[in-house]
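Next come the chains, spelled out residue by residue.
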Amino acid sequence: MSITSNLNTIKATLPENVTLVAVSKTKPVVDLMEAYEAGQRIFGENKIQEMADKHEQMPKDIQWHMIGHVQTNKVKFMAPFVSLIHGVDSLKLLQEINKQALKNDRIIDCLLQIYIAEEETKFGLDEKELTALLSSSEYKELKNIRILGLMGMATFTEDQNQIKKEFTHLKSIFDSIQNKDAQCRDAQQCISTENHFSIISMGMSGDYQLAIECGSTMVRIGSSIFGGR
Ligand SMILES: *Cc1c(COP(=O)(O)O)cnc(C)c1O
């Protein structure tokens with residue numbers, strides 16, 4: 001199967017409200033260009049240097065999403081161009097993104113990563129930490145970032161019920177924040193003053209259909225498009 005046909009097959013199954021991030025980590029630019037020629041404009045990478053190199057070499061109408069764990073000292077390398085950072089999991093990181101966004105005279109869109117899996121190795125905030133972050137005065141001072149939603153990764157398992165439980169958990173956290181946000185009157189108390197909070201990034205090659213059933217609005221698909229890594 002070619003990248004083009006994989007992409008078309010997947011796109012045909014996605015509901016209209018679900019955005020496809022083509023996860024192109026480790027893949028050469030020729031492969032990304034094939035997806036680009038087939039109409040794909042959103043690419044996800046998990047290493048900042050690799051993403052910056054590809055950004056340099058490829059057409060400028062591509063939206064680059066950082067889906068991996070972000071080290072604070074590397075934010076500056078993507079700040080000029082990154083379109084969405086999925087894996088934000090601390091106030092310290094948000095503050096650095098805000099600082100670099102300001103230097104570049106932009107607002108950088110972010111998702112907060114929530115820990116939903118039963119695996120020690122995965123990153124993310126729990127619900128308490130999320131609430132604490134969003135209600136902190138330090139967060140409210142950040143004018144050059146926007147939180148557009150949440151991101152999560154399910155446990156790597158064959159157990160569909162387990163995965164479904166984790167996705168449903170993320171969706172319920174998302175709903176409660178979105179509700180609060182929609183009702184908020186005082187701009188100081190809002191997460192986003194213009195109801196930007198709308199993205200749930202969940203689902204990968206193995207579990208994206210289930211993720212969509214559970215309310216995902218953004219899927220991150222790599223190997224089903226570009227082949228194994
Ligand atoms: C690699 C990766 C993906 C894509 O995984 P596939 O199984 O190849 O679809 C999605 N999300 C994150 C955070 C990743 O690191």
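Residues numbered from 1 in each chain as written. Predicted model: local features only at pLDDT ≥ 70, side-chain atom pairs only at ≥ 80, totals over all residues. Heavy atoms only, no water.

## What to know about the environment of His 55
- Among the secondary structure elements, His 55 is positioned in helix α3 (residues 48–57).
- Through-space distance from the C-alpha of His 55 to that of Val 29 is 9.8 Å; in sequence the pair is 26 residues apart.
- Setting aside chain neighbours within four positions, we find His 55 in contact with Lys 60, Trp 64 and Phe 81. (Helix = DSSP H or I, 4+ residues; strand = E, 2+ residues; numbered from the N terminus. Contact = heavy atoms within 4.5 Å.)

## Comments concerning the environment of Gly 44
- Mapping Gly 44 onto the fold places it in strand β2 (residues 42–45).
- Apart from residues no more than four positions distant in its own chain, Gly 44 is found in contact with Val 21, Ala 22, Val 23, Ser 24, Lys 25, His 65 and Ile 67.

## Re the UniProt feature "modified residue: N6-(pyridoxal phosphate)lysine" (unreviewed entry) in the chain
- Within this numbering scheme, the UniProt entry marks Lys 25 as carrying the feature "modified residue: N6-(pyridoxal phosphate)lysine" (unreviewed entry).
- For Lys 25, the position within the fold is in the loop between β1 (19–23) and α2 (29–37). (UniProt positions renumbered as here; feature names shortened; annotations may be inferred.)

## Some remarks on the nonpolar core
- Ranked by size, the top nonpolar core spans 64 residues in total, and within it Ile 85 and Leu 94 carry the most contacts.
- The element that contributes the greatest number of residues to this core is helix α8 (residues 160–183), accounting for six residues.
- Grouped together as the second largest cluster of nonpolar side chains are eight residues, Val 21, Leu 148, Met 151 and Met 218 included. (Core = buried A, V, L, I, M, F, W, Y, C linked by side-chain atoms within 4.5 Å. Buried < 20%, exposed > 50% of the residue type's maximum accessible area, 1.4 Å probe, protein only.)

## Looking at helix α5 (residues 91–103)
- Relative to the 18 Å expected for 13 residues at 1.5 Å per residue, α5 spans 18 Å between its end C-alpha atoms, a close match to the ideal helical length.
- Those residues of α5 not exposed but buried are Leu 93, Leu 94, Glu 96, Ile 97, Asn 98, Gln 100 and Ala 101.
- In this structure, the buried residues of α5 make contact with α4 (75–78), β4 (84–88), β5 (108–114), α6 (127–135), α7 (137–140) and β6 (145–152). (Expected span 1.5 Å × (residues − 1).)

## Here's the deal with the layout of surface pockets
- Of the voids in this model, the largest pocket is the one considered here, and its volume is about 680 Å³.
- In terms of lining residues, the largest pocket is bounded by 28 residues, among which Lys 122, Met 153, Phe 156, Met 204 and Arg 220 are the most central.
- For the lining of the largest pocket, the class distribution of residues is 10 nonpolar, 12 polar and six charged. (1 Å grid on protein atoms, 1.4 Å probe; cavity = no way out; pocket = protein on both sides within 12 Å on 5 of 7 lines; lining within 4 Å. Points joined across faces, edges and corners; volume = space filled by probe spheres on them. Nonpolar A, V, L, I, M, F, W, Y, C, P; charged D, E, K, R; others polar.)

## Side note on α6
- Taken together, the buried positions of α6 are Leu 130, Leu 133 and Leu 134. An end-on view of α6 places all buried positions within 90° of arc, on one side of the element.
- Looking at the buried positions of α6, the neighbouring elements they touch are α5, β5, α7, β6 and α8.
- The opening residue of α6 is Asp 126, an N-cap whose side-chain oxygen sits 3.2 Å from the backbone nitrogen of Lys 128. (Arc of directions from axis to C-beta. Polar contact = N/O pair within 3.5 Å; in protein donor to acceptor, adjacent residues only side chain to side chain.)

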